[in-house]
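The residues making up each chain are set out below.
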Amino acid sequence: MERAIDADALLAWYDVSGRRLPWRLSKDPYAIWLSEVMLQQTQVTTVVPYYQRFLKAFPTAIALADAHEDRVLKMWEGLGYYNRCHNLLKAMRRVRDDHGGQVPGVPEIFSALPGVGSYTCAAVQSIAFGHQMAAVDGNVIRVVSRFLAMEEVAASAVGKRRVQQLVDRSIPRRRPGDFNQAMMELGATVCTPKHPACGRCPIAESCLAKKEGKQEAFPVKKRRNPVPTFDVALAAVVRESGEVLIQKRPATGHLAGMWEFPGGKVLDGESHEQALCRSLHDELGLAVEVKGAVGVASHAYSHFKVRVFLYLCRASESFQKVRQGRKGQPVSWVVAGGLDALAFPAVNRKLFPLLRPYLEHS
Ligand code: SF4
């Protein structure tokens, strides 16, 4: 007989040991969907306050669909992976316009909405609507890789297929949503990346990695290329009234729609000052004089890291009246206190305390 996870044992464990997280108390498909989107790539403890604030501000799909993008982005600020937020907003507008404000309970219709991949579809449709669809996230991959002592690289096509097949044949008709949540919970709280607590595991009896005493050898990972690091030079162009110049990023792409200090990547062979002068000329048609360094901040994204250097700059008088950049992007002059009201990437935000004294004393 093919191996399968003992769903009864898993569910019995989950009923007693599963954490009572806010979204697990909800039957509202919109709230469940929101939690699943927020939880992608993000720790539960980080998500909880965001989820609660967001749901209070936008309690229904229609409330979110009707909200201004700037307000939604501001509520999401700091949670990262901003594409999730843009897609969620687009999806809710489709839910409002095409589905009368009700989240579709038919997987084929739901999966056609923006940002809904196979994981989100299976998670929401099983938890909110009881469809027997197995949701596979990183936690589930770890549990199954160990359960099968799977030699294939977990992220490879073959590895993913084996994991999916195992959960597909294990998920019960009754309580499929709880089964999915129990698998994720097991990975998050018991079958952890390091030092799994096999003594508390409800499926330990059939786990091959445990039997072989090789739990931490799984999942098998493919060798990673080192993550590249880029230097970025940004300008704090400050005018005498104590306001600093900011611009809005394009509506699509990395960190879409967020505000930032102008500037750009330092190219090979360029000094920071040269990079600043080039990018401010290209983005804003602006000649600046670099007055000195404000500070530096670092940030790690999923595929690269940045070190961001902020420089205090002065611009010519004439530019101070300009209201948009060369590509039509909105620009704005804001006082120190005004920065907090707008959505900025985390790395810009790390520079605020370093910049504040220059704004307050200019
Ligand atoms: S027995 Fe240990 S390694 Fe196997 S699934 Fe349970 S916690 Fe993970």
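Residues numbered from 1 in each chain as written. Predicted model: local features only at pLDDT ≥ 70, side-chain atom pairs only at ≥ 80, totals over all residues. Heavy atoms only, no water.

Details of the site of the ligand
Here is step 1: Close to the ligand lie Arg146, Val190, Cys191, Cys198, Cys201, Ala204, Cys207, Lys210 and Gln215.
Here is step 2: Residues that form the shell around the ligand fall into these classes: six nonpolar, one polar and two charged. (Near = heavy atom within 4 Å. Nonpolar A, V, L, I, M, F, W, Y, C, P; charged D, E, K, R; others polar.)

Describing helix α9 (residues 138-148)
Here is step 1: Within α9, eight of the eleven residues are buried, which leaves the element mostly enclosed by the surrounding structure.
Here is step 2: If you follow the buried residues of α9, they end up packed against α10 (157-170), α11 (176-189) and α12 (208-212).
Here is step 3: Where α9 starts, the residue carrying a side-chain oxygen 3.1 Å from the main-chain nitrogen of asparagine 139 turns out to be aspartate 137.
Here is step 4: Note on α9: the residue one or two positions beyond its end, alanine 149, has a positive phi of about 45 degrees. (Buried < 20%, exposed > 50% of the residue type's maximum accessible area, 1.4 Å probe, protein only. Helix = DSSP H or I, 4+ residues; strand = E, 2+ residues; numbered from the N terminus. Contact = heavy atoms within 4.5 Å. Polar contact = N/O pair within 3.5 Å; in protein donor to acceptor, adjacent residues only side chain to side chain.)

Focus on the sheet that holds strand β5 (residues 288-300)
Here is step 1: Spatially, β4-β1-β6-β5 is the arrangement adopted by the four strands of the open sheet, whose pairing is mixed. The outermost strands of the open sheet, each flanked by one partner alone, are β4 (263-265) and β5. Strand-to-strand twist across the sheet, computed as the mean angle between neighbouring axes with direction ignored, equals 20 degrees.
Here is step 2: Where β5 meets strand β6 (residues 305-315), eleven bridges bridge the pair, whose relative direction is antiparallel. Looking at β6, one finds that glutamate 289 is bridged to arginine 314.
Here is step 3: The strands touched by helix α14 (residues 346-360) within the sheet are β1 (229-237), β5 and β6, with β5 carrying the most contacts at an inclination of about 140 degrees. (Pairing = 2+ DSSP bridges. Axes fitted to C-alpha atoms, helices over the stretch in contact; angles between N-to-C directions.)

Some points on the packing of α9 against α11
Here is step 1: Put simply, α9 and α11 touch, their axes get as near as 8 Å, and they point 80 degrees apart. Taken together, the axes of α9 and α11 lie roughly perpendicular to each other. Mapping the contact onto sequence places Asn139, Val140, Arg142, Val143 and Val144 in α9 and Met183, Met184, Leu186, Gly187 and Ala188 in α11. (Parallel < 35°, antiparallel > 145°, perpendicular 65-115°, else oblique.)

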